[in-house]
Amino acid sequence: MIPAPFDYEVAESPEHAVGLLREREDAKLLAGGHSLLPAMRLRLARPACLIDIGRLSDLSYVRDVGDEIAIGALTRHKDVAGAPLLQEHCGIVAYAAGQVGDPQVRHRGTIGGSLSHGDPASDLPAVVLALGGTLVARGPSGERSIAASDFFTGVFETALAPDEMLVEVRVPKLGPASGWAYEKLSRRAQDWATVAVAAVVERSNGGASKAAVGLTNMGGTPLRATAVEEAIAGGAPIAEAAAHAAEGTDPPSDLAASADFRRHLARVLTRRALERAVAG
Amino acid sequence: MERARARQPRKVVAQSHELEAHPQAVRVTVWLCATRPDSVWKLSPPRDTLGLALRGEEGALRHVALTVNGVRHELELEPRELLAYVLRERLGLTGTNIGCDTSSCGACTVLVNGESVKSCTMLGVQADGLEITTIEGLARDGELHPVQQAFHEHHALQCGYCTPGMVLAAVSLIEAGAATDEQAIRLGLEGNLCRCTGYHNIVKAVAAAAGVS
Ligand SMILES: Cc1cc2nc3c(=O)[nH]c(=O)nc-3n(C[C@H](O)[C@H](O)[C@H](O)COP(=O)(O)OP(=O)(O)OC[C@H]3O[C@@H](n4cnc5c(N)ncnc54)[C@H](O)[C@@H]3O)c2cc1C
Ligand code: FES
Ligand code: FES
């Protein structure tokens, strides 16, 4: 299957990419292409122009910026998974990037593409949401920061304006009392999550005093399991708190699972994620 | 150039009504293509309703230089030509098989700058200036590559359709130092499907080539 015809431009800088986005009718950025090209081959997407940002190697980095780790938007999943800075300070991001698809997908797909694509079944959005991360977008009038909680607006929709490009993702360094886990369940190798749960906790006395929980594929966007977080903050034991995991969610029914099964999975995987996060 | 655009949330994938009606359409369709190709036609609207014929003209050709198995090729490519087709149709390197054509099966795996990539999910123009290795480029002076030799010795193929992709995925895995034990090899080959062997002999062959038990 061959995509419909399109024009192809190679961006030489983020400014150039943003300029082209304004200039060209019906244009899309092409990063790793591992969400966009499959959709184009199926003619589910048919942009008139692709702006290839895949050669902007300056945007492939993982850097220590004080209290946060900054990740360039063009950093491939493989490089996120293997980044020592992330493994040391925010291991959940590296771990989740290593759970994306298969090695071939991780050799091409980028963290910026994963977040900008706005797919509620993707792994990194729920992780960045649970971490309270920040997304840095560049538009015609410069850069702006968007909180992860404001970024994901709908299925395949984000807060990025048509002429904006995501350039960086920032995640906090986790302290020594923190624990994390990402529990992903999928029915087939290399598949997206049927449901997955990202948990980041503050450990105290063998339990959790505080938790942030992100849900993958439990609605039109990645979600925070706020009822679980409140229960933990109120001193509830993990098993009790996790029972609230499906509250306020609107999971899809599809070939992989019914909505009911997804609600069940959310509760089970949240319990496992919290237990694992507390354990270390 | 200065055309102002309203600041509104961006629809990232498609303007297609299908996606709105069926949020999981992309993944579901990909899945259907891989598992039930006959049903896909029912999901995808006829070409003309998508405006293919209306758009009419092809994208402008681009000059691309690829190094494939050590040989430099200068090509004029349409941007929409996928690397798998460039290798097969333009360069006659038909060892790169196309199985699913939906990024799922790994039969089309090649090495791009030494790393495994599904060549059906990369444009030829994206490979401009890069080094590609296909299955034809592995053997040296009539000697099979160690991974090929191990596949031979461990009877790691039956029909052979998945084999070129499987071998190249394994080469990439071993080079990355990730083929550390049986479990790592199984996980590392999860992007490659085999409909014949049941995988055991493939895993044995890769373990042997990687020098792990
Ligand atoms: C077989 C297969 C299995 C997969 N499994 C998983 C999985 O298990 N979990 C998972 O999370 N993902 C999975 N994916 C998707 C993969 O992670 C993609 O790499 C990712 O979703 C998109 O990243 P990309 O760089 O390839 O983006 P592209 O496909 O190039 O772009 C995706 C969209 O984002 C836009 N975009 C890209 N970069 C930017 C930017 N910097 N700023 C603004 N917009 C941008 C593009 O215009 C496009 O609309 C899978 C993909 C495949 C093919
Ligand atoms: S042909 Fe199946 S992944 Fe490319
Ligand atoms: S040997 Fe036939 S598909 Fe693998």
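Residues numbered from 1 in each chain as written. Chains lettered and ligands numbered in written order. Predicted model: local features only at pLDDT ≥ 70, side-chain atom pairs only at ≥ 80, totals over all residues. Heavy atoms only, no water.

Focus on the domain arrangement of chain B
Residues and elements named next belong to chain B. Here is the rule: Domain boundaries shown here were taken from an automatic or database domain assignment. In this description, contact between two residues means that some pair of their heavy atoms is separated by no more than 4.5 Å. Buried area adds together the accessible area that both of two parts lose upon being put together, with accessible area traced by a 1.4 Å probe. Salt bridges are identified by distance alone: a Lys or Arg side-chain nitrogen within 4 Å of an Asp or Glu carboxyl oxygen.
Entries for chain B in the domain assignment read domain 1 (12-51 + 62-137) and domain 2 (146-210). Residue-level contacts link 18 residues of domain 1 with 13 residues of domain 2. Interface area for domain 1 against domain 2, summed over the two sides, is near 1,100 Å², with a carbon-plus-sulfur share of 58%. Summed over the three residues of domain 1 that lose the most area to domain 2, namely Asn97, Thr109 and Ile135, the buried surface amounts to 39% of that side. Across the contact surface, domain 1 and domain 2 share 0 salt bridges.

Looking at the packing of aromatic side chains
Residue and element names in this part refer to chain A. Our working rule: Any pair of Phe, Tyr and Trp rings, taking the six-membered ring for Trp, is counted once the centres come within 6.5 Å. Such a pair is stacked with planes under 30 degrees apart, edge-to-face with planes over 60 apart, and tilted for the rest. Helix and strand assignments come from DSSP, with helices taken as H or I runs of at least 4 residues and strands as E runs of at least 2, each series counted from the N terminus. Note on classification: 1.4 Å probe, protein chains only; a residue is buried when its accessible area is under 20% of the maximum for its type, exposed when over 50%, partly exposed between these limits. Ring-over charges, as used throughout, are those where CZ of Arg or NZ of Lys falls within 6 Å of the ring centre and within 35 degrees of the ring normal.
Within the structure shown, the criterion is met by 2 aromatic pairs over all chains. Consider the rings of Tyr95 and Trp180, whose centres lie 5.8 Å apart with planes at 45°: the pair is tilted. Here Tyr95 is found in helix H5 (residues 91-97), whereas its partner Trp180 is found in strand E11 (residues 178-185), with 85 residues between them in sequence. Overall, Trp180 belongs to the partly exposed group, its relative accessible area being 29%. When the centroid spacing of 5.1 Å and the interplanar angle of 85° are considered together, the rings of Phe151 and Phe152 count as edge-to-face. Positioned over the ring face of Tyr61 is Arg63, at 3.7 Å from the centre of the ring.

Let's talk about the confidence of the model for chain B
The predicted structure's coordinates, where accompanied by low pLDDT, should not be read in detail. All names here are of chain B. Note the threshold: What pLDDT conveys is the predictor's confidence in a given residue, as a value from 0 to 100.
In this model, chain B carries a mean pLDDT of 82, and residues with pLDDT of at least 70 account for 72%. Every residue in residues 1-24 is under pLDDT 50, and counting partners more than four places away or in other chains gives 67 contacts. Taken together, the stretch residues 32-56 has pLDDT below 50 and engages in 34 contacts with residues farther than four places along the chain or on a different chain. Predicted complex, confidence summary: ipTM 0.95, pTM 0.90.

Description of the pattern of salt bridges
Enumeration over the complete set of coordinates arrives at 24 salt bridges over all chains. Note that Asp7(A) is salt-bridged to Arg24(A), the shortest N-O span being 2.9 Å. One end of the pair, Asp7(A), is in strand E1 (residues 7-10); the other, Arg24(A), is in the loop between helix H1 (14-23) and strand E2 (27-30), and 17 residues separate them in sequence. Classification of Asp7(A) as partly exposed rests on a relative accessible area of 32%. A salt bridge links Arg263(A) to Asp260(A), with the nearest nitrogen and oxygen atoms 2.7 Å apart. One end of the pair is Arg263(A) and the other is Asp260(A), both in helix H12 (residues 259-279) and 3 residues apart, which spans about a single turn. Within this structure, Arg76(A), Lys78(A), Asp79(A) and Glu115(B) form a network of salt bridges that share partners.

Details of the pairing of strand E13 (residues 207-216) of chain A
Residues and elements named next belong to chain A. Heads up, the rule is: A pair of strands is treated as paired once DSSP finds two or more bridges between them.
Here E13 lies mainly inside the structure; 8 of its 10 residues are buried. Pairing of strand E12 (residues 195-204) with E13 involves 9 bridges; the strand directions are antiparallel. Paired with Glu202 across the strands is Lys210, a residue of E13. Between E12 and E13, which pair antiparallel and follow one another directly, the connecting turn spans 2 residues, one of which, Asn205, has a positive phi of 50°. Relative to strand E14 (residues 223-224), E13 runs antiparallel, the two being bridged by 2 bridges. By the bridge assignment, Gly214 is partnered in E14 with Arg224. Between E13 and the antiparallel strand that follows it, E14, lie 6 residues; Asn217 among them carries a positive phi value of about 65°.

A few points about the domain arrangement of chain A
Residues and elements named next belong to chain A. Just so we agree on the cut-off: Pairs of N or O atoms within 3.5 Å make up the polar contacts considered here, provided that, within protein, one atom can donate a hydrogen while the other can accept it, and that residues adjacent in sequence are counted only when both atoms are side-chain atoms. Three residue categories are used. Nonpolar comprises Ala, Val, Leu, Ile, Met, Phe, Trp, Tyr, Cys and Pro, charged comprises Asp, Glu, Lys and Arg, and polar comprises the others, including Gly.
What the domain assignment lists for chain A is domain 1 (7-52), domain 2 (57-171) and domain 3 (179-279). The contact between domain 1 and domain 2 buries some 1,100 Å² in all, and 74% of this surface belongs to carbon and sulfur atoms. Of all residues in domain 1, Pro14, Val18 and His34 bury the most surface against domain 2, accounting for 40% of the area lost on that side. Connecting domain 1 to domain 2 are 2 salt bridges. On inspection of domain 1 and its partner domain 2, the count reaches 1 residue pair in polar contact (both at pLDDT 80 or more). If one sorts the elements of the side of domain 1 that touches domain 2 by residue count, H1 sits on top with 6 residues. Of the residues that constitute the side of domain 1 that touches domain 2, the class distribution is 6 nonpolar, 3 polar and 2 charged.

What to know about helix H8 (residues 123-130) of chain A
Taking burial as the measure, the 8 residues of H8(A) include 8 buried ones, the bulk of the element. Within two residues after H8(A), Gly132(A) carries a phi angle of roughly 65°, on the positive side.

Some points on helix H10 (residues 226-233) of chain A
All names here are of chain A. Of the positions making up H10, those classed as buried are Ala227, Val228, Glu229, Ala231 and Ile232. Along its buried surface, H10 packs onto E13, E14, helix H11 (238-242) and H12. Just downstream of H10, Gly235 is the residue with a positive phi angle, here 95°.

As for the sheet that holds E13(A)
Residue and element names in this part refer to chain A. Selection rule: What counts as an axis is a line fitted to C-alpha atoms, over the stretch in contact for a helix, and the angles between N-to-C directions run from 0 to 180 degrees.
Reading across the sheet, the 4 strands line up as E11-E12-E13-E14 and stay open at both edges, with antiparallel pairing between neighbours. Each end of this open sheet is capped by a strand with a single partner; those strands are E11 and E14. The strands touched by H8 are E11, E12, E13 and E14; relative to E13, the strand with the most contacts, the crossing angle is about 145°. Together, E11, E12 and E13 form the strand contacts of H12, whose direction differs from that of E12 by roughly 35°.

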